[in-house]
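# Coordinates in review
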Amino acid sequence: MDEALLKAYRHSAYRVRLGSGGAAVIRIGEPLPVVLRTVAGDRDWGFFTAWNPGSRLQPPAVNRKAERRLLADLRADGSLDIHPALGKGVDGWREPSFWVVGISADALERLGNRYGQNAWLFGHGAGAAGLQVR
């Protein structure tokens, strides 16, 4: 991955929609926002999208189909807490995503392979958000 793309990932805002309205923003290298800590508890979590595999723009219809497939995959697990989210870059980039609580690093890696993603966020409990790059 080139340095410009890596920088874009690092400076993006990873927004999790709150049930009460609004959003909490996860940032790489920073602790999980307080409002999300109760949900995460002492579990692993990830922030993942199926949009634009390989960081190559896809038509909206293709992205929406991949997003629906991802949601079905996540729901099939039966043990995950799945929350609507949005990755938002400083340059106007936006990708619908999911914040997934209870997902392991191995499961995120499998999703990365299946959906062709270059990177995703991961964390544990209230700890700092990390960026996993392939």
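For the structure itself, look to the data block above.
How each quantity is defined
Residues numbered from 1 in each chain as written. Predicted model: local features only at pLDDT ≥ 70, side-chain atom pairs only at ≥ 80, totals over all residues. Heavy atoms only, no water. Pairing = 2+ DSSP bridges. Helix = DSSP H or I, 4+ residues; strand = E, 2+ residues; numbered from the N terminus. Axes fitted to C-alpha atoms, helices over the stretch in contact; angles between N-to-C directions. Contact = heavy atoms within 4.5 Å. Salt bridge = Lys/Arg side-chain N within 4 Å of Asp/Glu carboxyl O. Buried < 20%, exposed > 50% of the residue type's maximum accessible area, 1.4 Å probe, protein only.

## Let's talk about the sheet that holds strand E4 (residues 81-88)
The strand order E2-E1-E4-E5-E3-E6-E7 describes an open sheet built from seven strands, whose pairing is antiparallel. In this open sheet, the two strands that pair with only one neighbour each are strand E2 (23-26) and strand E7 (130-133). Along the sheet, successive strands turn relative to each other by an average axial angle of 30°, direction set aside. The pairing of strand E6 (residues 119-124) with E7 spans four bridges and is antiparallel. Bridging from a neighbouring strand, Phe122 pairs with Gly130 of E7. Strand contacts of helix H3 (residues 60-77): strand E3 (44-48), E4 and strand E5 (94-101), with the helix running at about 0° to E5, the strand carrying the most contacts.

## What to know about the pattern of salt bridges
A pair can form between side chains of opposite charge whenever their charged atoms are brought close. Across all of its chains, the model carries three salt bridges by this definition. Asp73 is the salt-bridge partner of Arg114, the closest N and O atoms lying 2.5 Å from each other. Residue Arg114 is located in helix H4 (residues 105-115), and its partner Asp73 is located in helix H3; the two are separated by 41 residues in the primary sequence. Residue classification places Arg114 among the partly exposed positions, given a relative accessible area of 46%. For Asp73, a relative accessible area of 26% translates into the label partly exposed.

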